[in-house]
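Secondary and tertiary structure notes
For reference, the chains in residue letters:
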Amino acid sequence: MITNWPLVFYTVFSQFATGLAIFSWWKDRLDENPSPRGWAACALTGAIALAASFVYHDGLASGIWLFAQACCLVLVFCAYGCAKGATILSLGAWHGGALCVIVQIIEAIPGDPLTVSGLFPIMLFPLCTIILGAVFSQLTLLGEPEDHVKHPAGRFYLPLRICLWIMLVITAIAPIIPWEDTYMARSAIILMQTQLYWMGVIFSGVVLGLSHMGRVTLMLQAIIAFVSIMGLRTAFYADGVHGIIDMSTLYRPF
């Protein structure tokens, strides 16, 4: 299996940072004394994503990927500013991250956006963004108070569970349906044969189960959710049409 690791880290950590920015901005709007820890984590994960993008592109990118790098830089700069108290930059942080993720979606679509192979990244990338943002933003490590009465399952358990269910369904059925879409048919074969992909599918179900066990499992939920999404993304960009690595086998009979 050939995996484009810099691209995996670039997309996962930029979506991680964007999710943290969205939920940190949401907490800033609702809390009288928001913690800067979420923004600091957002700046750190965004910086990792930016570094991975430079490795992937051997420096500065070109075209729309350069725009994505610029958006990621805006995300890091604004998140760092928010961590230092300039919360006015919060909108810039999550908007920059969202634009970066949109570019990644556009570049991951191998053909027509309205086909199954096009809709797969359109659905998967935003789901990963919300899941990572929600599951980590509700940790006490990132400044959430220990409030067992008000948030017995974590502050963001509802968007987390909804997105986990959707991701579990689409990732479980993607490899097992005989798609008429040529691109998706090829991807389905690769996904079916990739153990890390099925680990990601199973682990997303594990996170769902843990979310019903209360706050005691919050840290475990976050770790397993991250591993799950890394597994799914590794398969997504491995040998396949979404990563544009195995185009030579695209039109062979299945």
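None of these values were measured; they are calculated from a predicted model. Each chain has its residues counted from 1, following the order in which its sequence is written. Note on the predicted model: pLDDT of at least 70 is required for a residue's local features to be given, and 80 or more for side-chain atom pairs to be given and counted; whole-chain, interface and lining totals, by contrast, use all residues. For side-chain calculations, the full set of non-hydrogen atoms in the structure is used, while hydrogens and water are omitted.

Take a side-chain nitrogen of Lys or Arg and a carboxyl oxygen of Asp or Glu: if they are within 4 Å of each other, that pair is a salt bridge. Tallied over the full model, the rule gives three salt bridges. In this structure, Lys27 engages Glu144 in a salt bridge whose closest nitrogen and oxygen atoms are separated by 3.6 Å. Of this pair, Lys27 sits in helix H1 (residues 5-30) while Glu144 sits in the loop between helix H5 (116-137) and helix H6 (157-173), and the two are 117 residues apart along the sequence. With relative accessibility at 7%, the residue Lys27 sits in the buried group. A salt bridge links Glu144 to Arg155, with the shortest nitrogen-to-oxygen separation between them at 3.5 Å. On the criterion of sequence distance, the pair formed by Glu144 in the loop between H5 and H6 and Arg155 in the loop between H5 and H6 is long-range, its members being eleven residues apart. Secondary structure counts use DSSP, requiring at least four H or I residues in a row for a helix and at least two E residues in a row for a strand, with both numbered from the N terminus. Burial status follows relative accessibility: with a 1.4 Å probe on protein chains alone, a residue under 20% of its type maximum counts as buried, one over 50% as exposed, and anything between as partly exposed.

Planes of paired rings set the category: under 30 degrees apart is stacked, over 60 is edge-to-face and the rest tilted, where pairs are Phe, Tyr or Trp rings (Trp by its six-membered ring) whose centres lie within 6.5 Å. With the rule as written, the count across this model stands at 14 aromatic pairs. Feature note: the residues Trp5, Phe9, Phe13, Phe16, Phe136 and Phe226 constitute an aromatic cluster, connected by ring pairs.

Turning to the environment of Ala238, a few remarks are in order. Relative to the assigned elements, Ala238 resides in the segment after helix H9 (218-236). Under the relative-accessibility criterion, Ala238 is labelled buried at 0%. The spatial distance from the C-alpha of Ala238 to the C-alpha of Ile122 is 18 Å, given a sequence separation of 116 residues.

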